[in-house]
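Letter by letter, the chains look like this.
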Amino acid sequence: MSHLAIRCSNAVNGVSKLHGEVSQKMFNYLYPEFNYSELFISYVTNSVHFDTWVAWEWHDLFQKTFGKGFFEDQSNNKFWKKIHTVPDAEIMHIRRKLKKRLLDWVRINLQDDLARRGENPRTIFEIVKAIREDALVIGFARRFATYKRATLLFSNEERLAEIVNNTDKPVIFLFAGKAHPADKGGQEFIRFIYNTTTNPNFKGRVIFLENYSMEMAKLLVQGVDVWLNNPTRPKEASGTSGMKAVMNGVMNFSVLDGWWVEGYRPGAGWALSDKETYPNADLQNELDAETIYNILENDIVPSYYDQDEHGVSKSWVSHIKNTIAETAPQFVMKRMLDDYQERFYGKLWKRSLALKNNDFKPLRDLLQWKKRVRNVWEVIEVVELNAPDTFNHSLPLGDHFKASITLNLIELRAEDIGVELVFFRRKSETELEIAAMYPMQLSQSHGTNAQYTCDIQPQTSGVFEYGFRMFPQHPLLPNRQDFNLLRWL
Ligand SMILES: *Cc1c(COP(=O)(O)O)cnc(C)c1O
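It should be emphasised that the depicted structure is a prediction, and the values quoted were computed from it without experimental measurement.

## Quick notes on empty space enclosed by the protein
Alright, step 1. Evaluation of the coordinates by the stated rule reveals one cavity of 30 Å³ or more.
Alright, step 2. There is about 60 Å³ of room inside the largest cavity.
Alright, step 3. Lining the largest cavity, in full, are Leu110, Leu114, Arg117, Ile127, Tyr194, Thr197, Gly204, Val206, Ile207 and Phe208.
Alright, step 4. Looking at side-chain class alone, the lining of the largest cavity contains seven nonpolar, two polar and one charged residues.

Written out as structure tokens, the structure reads:
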């Protein structure tokens, strides 16, 4: 289906910057003559609807603090920066209120769920009693697709038990989510976490909430202190629940994958490296889990509990304020709609007007032109090619690189064809990166022959691989792959 959709579309986008790049690599083989980075697949990073996901308490504070014009211009970070003028105590007051609302709801629902499942009354009482309001609360709720690794946290149960049961600094993990009916692996993850919730080490510290829904998601992303996401890289196309958390002053603790690559700022939440260290999944899981424990122990838990006599932690509030000031404005719907308009729909609209003009004449001409080019493409001949022999030689900085190519274009006009010079840097055995690209100029033409030349001074020195290539050009082509002809000369 993706192939059909890509081949039939004028524009294609991933849903985060990284996802755009991953998609270019995934679908490079549909356009093998091109380097992946040249593919017309681009990106617009997802976002969330502010009014749906923000708690009223924040909504009112933002309205009061950010002033006139904010709601109409939500992606403008000049408004959000004003969060730094709000007293720390006021921030913590809202955070606490929202956490209390969540935990009250959790207690009631948990009691019902556990009773319905026939759990014994004493266990229920112990679990509910252990839900302390002053605990650091971390949320993990989403689809239980296995790549999201919901059970990663339990890789080392001993270590986790130590973290959550520290009497002075308790930590509670709230889990929720559903698995696809056909996803046995995901269902197994839910079973595992559910069983863990009655393990004496984790009673009242690891909680699974049944029947995940938008309403529950809202309570969670508004009420927890930290939102955890630890997918297998680079499988999280975007992820959006973390954005909902951000609007509510909830920090993300997440793998640098999907949207978080763009959202993370030091001092505004926490990140696990985007680098995959091990090709072996088990080793990678172990490394990620140990990194999570370390960051929790050394950074997140101490920062949260570093509270003054009014229960305010300066470093914690600073994370909250930075999250709201730096990250939130990028992930509201206005920014996303603006991006779609600028990068895609505006251009598509203009092109469609241009094609429909004059009773579709431009469109008919374009199709005729494509036919003509396709008919002769294979027989276009290289009459002459002059280029310096730099094979495996270093290209000296600032030296002139002159080349000329003469083509026999048969019946095409010289302007139907573009010729260019491309320099590549070799990244690995299989991967080339485009280092620079220079269009060649049409210098003369006689008969059906056209000569293209270039005289450039490379701005970087080193060993490069390079090549010349020709491609069809027409002002109404939306992108290079739309008329997928490319010939290396
Ligand atoms: C936002 C949301 C999601 C998406 O969560 P991710 O963590 O981005 O996968 C899934 N389900 C519900 C109910 C949501 O509100």
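## Regarding the nonpolar core
Alright, step 1. Among the nonpolar cores identified, the biggest contains 97 residues, and Trp58 and Leu220 are the most heavily contacted of them.
Alright, step 2. The residues contacting Leu220, other than those within four sequence positions of it, are Leu102, Ala141, Leu174, Ala176, Leu209, Tyr212 and Trp227.
Alright, step 3. Formed by 32 residues, the second largest nonpolar core is a distinct cluster that contains Val376, Phe401, Leu412 and Leu485.

## Here we look at the domain arrangement of the protein chain
Alright, step 1. Looking at the protein chain, the domain boundaries give domain 1 (2-43 + 339-488) and domain 2 (50-331).
Alright, step 2. Taking the mean C-alpha position of each, domain 1 and domain 2 sit 46 Å from one another.
Alright, step 3. Listed per partner, the contact involves seven residues of domain 1 and eight residues of domain 2.
Alright, step 4. With both chains or domains summed, domain 1 and domain 2 bury close to 500 Å², and 69% of this area falls on carbon and sulfur atoms.
Alright, step 5. Taken as a group, Val15, Ser16 and Leu18 account for 63% of the area that domain 1 buries against domain 2, more than any other trio of residues on that side.

## Let's talk about the site of the ligand
Alright, step 1. Neighbouring the ligand are the residues Trp53, Arg142, Lys148, Tyr212, Ser213, Met214, Ala217, Gly239, Thr240, Ser241 and Lys244.
Alright, step 2. Within the side chain of Arg142, an N or O atom sits 2.9 Å from an oxygen atom of the ligand.
Alright, step 3. In this structure, Thr240 approaches the ligand through a main-chain N or O atom, which is 2.6 Å from an oxygen atom.
Alright, step 4. Surface burial for the ligand is 80%, taken as the share of its 390 Å² of free accessible area covered by protein chains.
Alright, step 5. Mapped by element, the contributors of at least two residues to the shell around the ligand are helix 10 (214-223) and helix 11 (241-247).
Alright, step 6. Residues of the shell around the ligand, tallied by class, amount to four nonpolar, four polar and three charged.

About the thresholds
- Here the residue numbering is sequential within each chain, running from 1 through the sequence in written order.
- Local features in a predicted model are, by the rule used here, given only for residues with pLDDT of at least 70; side-chain atom pairs are given and counted only at 80 or more, and totals for whole chains, interfaces and linings are based on all residues.
- In computing side-chain properties, one takes all heavy atoms of the structure into account and sets aside hydrogens as well as water.
- A cavity here means a set of 1 Å grid points, computed over protein atoms only, where a 1.4 Å probe fits but cannot escape. A pocket is an open set with protein on both sides within 12 Å along at least 5 of 7 lines, and lining residues have an atom within 4 Å of a point.
- Grid points are joined across faces, edges and corners, and a volume is the space filled by probe spheres set on the points.
- Residue classes follow a fixed rule: Ala, Val, Leu, Ile, Met, Phe, Trp, Tyr, Cys and Pro count as nonpolar, while Asp, Glu, Lys and Arg count as charged, and any other residue, Gly among them, counts as polar.
- Put simply, buried Ala, Val, Leu, Ile, Met, Phe, Trp, Tyr and Cys residues joined by side-chain atoms within 4.5 Å make one nonpolar core.
- Buried residues are those whose accessible area, probed at 1.4 Å on protein chains only, stays under 20% of the maximum for their type, while exposed residues exceed 50% and partly exposed ones sit between those limits.
- Only heavy atoms enter the contact rule, under which two residues are in contact if any of them lie within 4.5 Å.
- A domain assignment, automatic or from a database, supplies the domain bounds used here.
- Buried area is calculated as the accessible area (1.4 Å probe) missing from two parts once they are joined, with the contributions of both summed.
- Put simply, a residue is near a molecule or strand once any heavy atom of it comes within 4 Å of that molecule or strand.
- Any N or O atom pair separated by 3.5 Å or less is treated as a polar contact, with the protein-specific requirement of one donor-capable and one acceptor-capable atom, and with residues adjacent in sequence counted only for side-chain atom pairs.
- Note on areas: Shrake-Rupley, 1.4 Å probe, and residue coverage restricted to the protein chains presented here.
- Helix numbering and strand numbering both begin at the N terminus, where a helix is a DSSP run of H or I of at least 4 residues and a strand a DSSP run of E of at least 2.

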